[in-house]
Amino acid sequence: MKAVIFAGGLGTRLWPLSRRKSPKQFEKIVGEKSTLQLSAERLLPEFNPEDIFISTGKDYVNIVKEQLPFIPHENIIAEPAKRDVGPAVGLMMGILATRFPEESVIILWSDHLVKHIELFKKTIINAGEIVKKHPDRIVFIGQKPRYPSENLGWIETGAEKIALGGSSFRSFEGFKYRPDQDEAMNYFRSDKYCWNLGYFVTNTKNMYDMFKQYAPMIHEAIEQIVHKKGESFVEALDTHYPQLPSISFDNAILEQLDTKAAYAVIEDIGWSDVGAWEALKEALEHQRYDNITKGRVLLESSQDALVYNYEEKKLVVGVGLEDLLVVNTGDVLLVAKKSAVKEIKQLVESFQGTEHEHLT
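Residues numbered from 1 in each chain as written. Predicted model: local features only at pLDDT ≥ 70, side-chain atom pairs only at ≥ 80, totals over all residues. Heavy atoms only, no water.

> What should I look at first to understand unusual backbone geometry in this one?
Comment: phi is negative for the bulk of residues other than glycine, and the bulk of peptide bonds are trans. Residue Pro-16 is reached from Trp-15 by a cis peptide bond, and omega for that bond is 10°. Along the chain, Pro-16 turns up in the loop between strand 1 (2-6) and helix 1 (35-41). In this structure, Pro-45 follows Leu-44 across a cis peptide bond, with omega equal to -5°. Relative to the helices and strands, Pro-45 resides in the loop between helix 1 and strand 2 (52-57). (Helix = DSSP H or I, 4+ residues; strand = E, 2+ residues; numbered from the N terminus.)

Following this line, the structure appears as structure tokens:
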């Protein structure tokens, strides 16, 4: 079984820590390791290093090699241009389908946390066994919801189809995108729904064939790349990949997927998407209204605050803070309401072409 970890995003919602030169997945957000390192290391030893592949941007290859020295260099695939997740997944599926057409593969993302690692790996392996027996199926892995999120995508499931290794693999009934408050509460109260993590197990050739069926333009371009070797591969990648349309994987493939072609499994793997500051706080807090801090921080009479200080020689002091994000880096001090994450992203995007562009 193979694993692909996608590590090419920019992470503007985690600004000012996450920047173009070093996006969030390469930064020490939790403890002393990046989320990319945590994502790769949690697969060991069930996955051999040669079975783990990293998809990233050309500007980040050296960072990936430095942070993951155990991954073979040939397993690090560098996109020469950003073309959203659709082409990125298509390229990796094309490469793996060409080399390993009979293999199962798990798709993962580099900016997530998983607390219950053994259950996570057991679920992956069980899903891989199902795909091995049914190579025309996809298995979506969902997180049992902890609260009625309006910001995450959801998966609707149906009756159990396969029981394996203590997991219940159910029928897949479709995706639900960012519900309103009432819908989210209904989903949360029902055992039919789970958070959509973007994790799925599939057969490499089956997924690549889906690109041929649903996104032929992407498939045709990737065919011009994946059958080349050595310098010819790099040359073809540099020539054809930048010409691909910029399209999400959901739009390219998943929204056209026949629900009968998939299963879904719901587990409490302790998953969190730490792509934004308020999500990071929720992932790390033991109970509601906890303060979460990093670095030299002193808080008094404060609650429900996240304060991250990346300057070793500076003490950040907060008095009477509530529902606030405070992030101090060497060149930017961010102070914002937890609910202002969308405005943070918009603000960073507005810096393009201004005197603040170097801070993005």
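> Would you take a moment to explain the side chain of Ser-55 for this structure?
Position of Ser-55 among the secondary structure elements: in strand 2. Of the residues examined, Ser-55 reaches a relative accessible area of 1% and is grouped as buried. Side-chain polar atoms of Ser-55 contact the side chain of Glu-79, separated by 3.0 Å. (Buried < 20%, exposed > 50% of the residue type's maximum accessible area, 1.4 Å probe, protein only. Polar contact = N/O pair within 3.5 Å; in protein donor to acceptor, adjacent residues only side chain to side chain.)

> Would you mind showing me how to read helix 11 (residues 341-350) here?
Count 3.6 residues to each turn of an α-helix, and residues three or four apart come out pointing the same way. Those residues of helix 11 that fall on the buried side of the exposure criterion are Val-341, Ile-344 and Val-348. Taken end-on, helix 11 shows its buried residues confined to a sector of 50°, consistent with a single buried face. Opposite the packed face of helix 11, turned more than 90 degrees from it, sit the exposed residues Lys-342 and Gln-346. (Arc of directions from axis to C-beta.)

> Looking at this structure, I do not really get the packing of aromatic side chains. What am I missing?
To describe a pair of aromatic rings, you give the distance between the ring centres and the angle between the ring planes. Considering all chains together, one arrives at 18 aromatic pairs under this definition. Here Tyr-187 and Tyr-193 contribute two aromatic rings whose centre-to-centre distance is 4.3 Å and whose plane-to-plane angle is 20°, an arrangement assigned as stacked. Judged on exposure class, the residue Tyr-187 and its partner Tyr-193 are both buried. A network of ring pairs unites the aromatic residues Phe-140, Phe-172, Phe-175, Tyr-177, Phe-200, Phe-211 and Phe-249 as a single cluster. Across the ring face of Phe-100, the terminal group of Lys-2 is positioned such that the distance to the ring centre comes to 4.1 Å. Above the face of the Tyr-289 ring, Arg-288 is positioned so that its terminal group lies 4.7 Å from the ring centre. (Phe/Tyr/Trp six-rings, centres within 6.5 Å; stacked < 30°, edge-to-face > 60°. Lys NZ or Arg CZ within 6 Å of the ring centre and 35° of its normal.)

> How do you make sense of helix 3 (residues 85-99) when you look at a structure like this?
Over its 15 residues, helix 3 runs 21 Å from end to end, which matches the ideal 21 Å to within 8%, given 1.5 Å per residue. The buried count for helix 3 comes to 12 of 15 residues, which makes it a mostly enclosed element. Looking only at helix 3, the buried set comprises Gly-86, Pro-87, Ala-88, Val-89, Gly-90, Leu-91, Met-92, Met-93, Gly-94, Ile-95, Leu-96 and Ala-97. (Expected span 1.5 Å × (residues − 1).)

> What is the right way to read the packing of helix 7 (residues 216-226) against helix 8 (residues 230-240) from this model?
When two helices pack together, their arrangement is given by the angle between the helix axes and the distance between those axes. Viewed as axis vectors pointing N to C, helix 7 and helix 8 meet at an angle of 155°, and their least axial separation amounts to 8 Å. Here helix 7 lies roughly antiparallel to helix 8, going by the angle between them. Facing helix 7, whose interface residues are Ala-221, Gln-224, Ile-225 and Val-226, helix 8 presents Phe-233, Ala-236, Leu-237 and His-240. Each residue belonging to the contact of helix 7 with helix 8 can be placed in one class, and the counts come to 6 nonpolar, 2 polar and no charged. (Axes fitted to C-alpha atoms, helices over the stretch in contact; angles between N-to-C directions. Parallel < 35°, antiparallel > 145°, perpendicular 65-115°, else oblique. Contact = heavy atoms within 4.5 Å. Nonpolar A, V, L, I, M, F, W, Y, C, P; charged D, E, K, R; others polar.)

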